[in-house]
Amino acid sequence: MSINLLKSLIRCRSIHLDGTPLISCCFRGMKTWETDTRKLMYERSRDIDAITHPKRHQREWRNWNYKGELYAFIKRYGEDLPLDRLRVAFVDASLKEVNEENRVQWGVGDLVGNDFEHNAKLSQEGQEILSDFTKKYLRYFLPRVPENCIHAVEQFILSNGSLSTIGHALGCNFLIMSPHVDPPETMVASSVKALISLLAQNNGDHHCRKFIIDLIMPFLADKDLMHIWNFDNPQIVLNKILSNDHLPSYEPRLLRETGRNTVLSCYVVGLYVDKKFIGSSPGESIEIAEEMAAYDALRRFFGLTPGKVIFKFGKNAYNLDYESKKDEHPSFSEWKLSLFEENGRRSSGKKLASSMQ
């Protein structure tokens, strides 16, 4: 072998022949930029001789310690649960499709047969606990919104997409025992709900609520509740609410406009009732601006403006009286401005002025 060929082999990080690694080593003489570049190219599977490797779960590595992972997971959030019960929260029913040899390798070899305990029952109980507390929590901090909004936001929190995002942030996806390398959203959401049920069983409802307040409810912190609610025909809804208080329909007025008959046209429409301003919004056409102005008026009526939607988390929210919010809020067909007045006999102008505060 010539000296030049030997030098070229030494400088290569990995050399493959027909897909088989021939040399795989790293030498001190390689430049830093070359090491980083080759590593990045290998990870992106763009190197000329790189082999695309199948994605592997952490449990397939030699140093995988499932009990240690469970212990670290629960201590990370300051909880205290027996590990044998905690493991059930992450065992999916699909694990019965895995053979016994792989179960032993993954650290769940004692789960034999098809009748082992999985998290289906815990997940159902956790969903009921989360649903009940979520509605009370929302009614407490959103006292003016109709029950339709409470239901829509509750369904958003309980959706597989939301709970899956929360579960990935908590690290639940690495602990789920199933044949999948990347558990689907339904599995991750089920593990989060099972964990909530397990906390309620072992540590009590009050402690479980602390967990929900700290780790589930902050998911709403940067969300626009009107976008989550996303109801249609805001003009009809607004007129219905005004008629419930025996008020006339709103009157749209064009406040400002610019760029008429151009692609950059903008119109600002305001809505008035009895000469009282109730909302406004811009739009690329007068019809769109009026529709968005109706959304703005409803946002003001329901207290969903950015300055009024203030959720509390942590210690400030632990000991609040959520049990007083068991009763449902009025729906669209029953919602009135006078329900939130100190005196329901006020004039219509004073009602509207008070609702804008």
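If you're wondering where the values come from, they're calculated on a predicted model, not measured in any experiment. Once a new chain begins, its residue numbering starts again from 1 and follows that chain's sequence as written. pLDDT decides what is reported in this predicted model: residues at 70 or higher carry local features, side-chain atom pairs at 80 or more are listed and counted, and totals for whole chains, interfaces and linings draw on all residues regardless. As a rule here, side-chain values cover all heavy atoms of the structure and leave hydrogens and water aside.

S.K.: Requested: an account of the overall build of the protein, with residues and values cited.
M.R.: Tallying secondary structure elements over the protein gives 15 helices and 5 strands in all. For every residue, the accessible area (1.4 Å probe, protein chains only) is compared with the maximum for its type, and the residue is labelled buried under 20%, exposed over 50%, or partly exposed between those bounds. Residues counted as buried form 42% of the 357 residues belonging to the protein. We call two residues in contact whenever any of their non-hydrogen atoms come within 4.5 Å of each other. A separation of at least 24 residues holds for 64% of the contacts in the protein among residues at least 6 apart in sequence. All accessible areas in this document rest on Shrake-Rupley with a 1.4 Å probe, and a residue is counted as covered only by the protein chains that are shown. With an accessible surface of roughly 20200 Å², the protein has 50% of that area assigned to carbon and sulfur atoms. Runs of H or I in DSSP of at least four residues are treated as helices and runs of E of at least two as strands, each being numbered from the N terminus.

S.K.: So what about the packing of helix H8 (residues 160-170) against helix H9 (residues 185-203)? Which residues, and what values?
M.R.: Only the stretch in contact is used when a helix axis is fitted, and all axes are lines through C-alpha atoms; the angle between N-to-C directions ranges over 0 to 180 degrees. H9 packs onto H8 with a crossing angle of 70 degrees between their chain directions and a minimal axis gap of 8 Å. With respect to H9, the axis of H8 lies roughly perpendicular. The segment H8 lies against H9, with Asn-160, Gly-161, Leu-163, Ser-164, Gly-167 and His-168 engaging Glu-185, Thr-186, Val-188, Ala-189, Val-192 and Lys-193. Partitioning the contact of H8 with H9 into residue classes produces 4 nonpolar, 6 polar and 2 charged. The scheme is simple: roughly parallel for angles under 35 degrees, roughly antiparallel for over 145, roughly perpendicular for 65 to 115, oblique for anything else. Under the scheme applied, nonpolar residues are Ala, Val, Leu, Ile, Met, Phe, Trp, Tyr, Cys and Pro; charged residues are Asp, Glu, Lys and Arg; polar residues are all the others, including Gly.

S.K.: I'd like to hear about the packing of helix H6 (residues 120-141) against helix H7 (residues 147-158), residue by residue, with values.
M.R.: The N-to-C vectors of H6 and H7 enclose an angle of 140 degrees; their axes lie 10 Å apart at closest approach. Taken together, the axes of H6 and H7 are oblique relative to one another. Regarding H6 and H7, the two cross each other, and that crossing is right-handed. Across from Gln-127, Leu-130, Ser-131, Thr-134, Lys-135, Leu-138 and Arg-139 in H6, the residues of H7 making contact are Glu-147, Ile-150, Val-153, Glu-154, Ile-157 and Leu-158. Grouping the amino acids of the contact of H6 with H7 by side-chain chemistry returns 6 nonpolar, 3 polar and 4 charged. Each crossing is labelled by how the near helix is turned from the far one, with a counterclockwise turn of less than a right angle marking it left-handed and a clockwise turn marking it right-handed.

S.K.: So what about helix H12 (residues 234-244)? Which residues, and what values?
M.R.: Residues separated by three or four positions in an α-helix point in the same direction, a consequence of the helix having 3.6 residues per turn. Of all the residues in H12, the buried ones are Pro-234, Val-237, Leu-238, Ile-241, Leu-242 and Asn-244. With its buried residues spanning 155 degrees around the axis, H12 presents them on a single face. Phi for His-246, located one or two positions after H12, is positive at around 60 degrees. Comment: arc refers to directions from the helix axis out to C-beta atoms.

S.K.: A description of the packing of aromatic side chains should follow, citing residues and the corresponding values.
M.R.: Within 6.5 Å between ring centres, the rings of Phe, Tyr and Trp (the latter by its six-membered ring) count as paired, and their orientation is classed by plane angle as stacked under 30 degrees, edge-to-face over 60, tilted in between. Taken as a whole and judged by the stated rule, the model has 20 aromatic pairs. On the numbers, 5.4 Å between centres and 90 degrees between planes, the contact of Phe-73 with Phe-90 is edge-to-face. In this pair, Phe-73 sits in helix H3 (residues 66-76) while Phe-90 sits in the loop between helix H4 (83-89) and helix H5 (100-106), placing the two residues 17 residues apart along the sequence. Here Phe-90 falls in the buried class, since its relative accessible area comes to 0%. Between Phe-133 and Tyr-322 the ring centres are 5.2 Å apart and the planes differ by 75 degrees, which places this aromatic pair in the edge-to-face class. Separated by 189 residues along the polypeptide, Phe-133 in helix H6 and Tyr-322 in the loop between helix H14 (315-318) and helix H15 (348-355) bring together distant segments of the chain. Here the aromatic residues Phe-133, Tyr-137, Tyr-140, Phe-141, Phe-311 and Tyr-322 are joined through ring pairs into a cluster of three or more. Over the aromatic face of Phe-219 sits the side chain of Lys-223, whose NZ or CZ is 4.0 Å from the ring centroid. Here Arg-253 stacks its cationic end above the ring of Tyr-272, 4.3 Å away from the centre of that ring. Charge-over-ring placement is defined geometrically: NZ (Lys) or CZ (Arg) within 6 Å of the ring centre, and within 35 degrees of the ring normal.

S.K.: Quick rundown of the pairing of strand S4 (residues 266-273)? Include the residues and the values.
M.R.: Burial of S4 is extensive: 7 of the 8 residues sit out of reach of the surface. In this scheme, strands are said to pair when DSSP sees at least two bridges between them. In this structure, strand S3 (residues 251-258) lies alongside S4, joined through 7 bridges in antiparallel fashion. Each residue of the ladder has a partner; that of Leu-254, found in S4, is Val-269. Of the pairings in the sheet, the one linking S4 to strand S5 (residues 276-283) comprises 7 bridges and is antiparallel in character. Counted as the bridge partner of Val-273 is Lys-276 from S5.

S.K.: Tell me about the confidence of the model for the protein, residues and numbers included.
M.R.: Put simply, the protein has an average pLDDT of 81, and 79% of its residues get 70 or more. On a scale of 0 to 100, pLDDT captures the predictor's confidence in every residue. Mean pLDDT per element in the protein: strand S2 (residues 20-24) is the minimum at 43, and S4 is the maximum at 95.

S.K.: An account of the pattern of salt bridges is requested, with residue identities and associated values reported.
M.R.: It is possible for side chains bearing opposite charge to pair when their charged atoms get close. By definition, a salt bridge exists where a carboxyl oxygen of Asp or Glu is found within 4 Å of a side-chain nitrogen of Lys or Arg. Counting across every chain of the model gives 11 salt bridges. One salt bridge connects Lys-75 with Asp-80, and the closest N-O pair in it is separated by 3.9 Å. Under the relative-accessibility criterion, Asp-80 is labelled exposed at 54%. Notably, a salt bridge pairs Asp-296 with Arg-300, separated by 2.9 Å at the nearest N-O pair. Of the two residues, Asp-296 and Arg-300 both sit in helix H13 (residues 286-302), 4 residues apart, roughly one turn of that helix. What makes Arg-300 partly exposed here is its relative accessible area of 27%.

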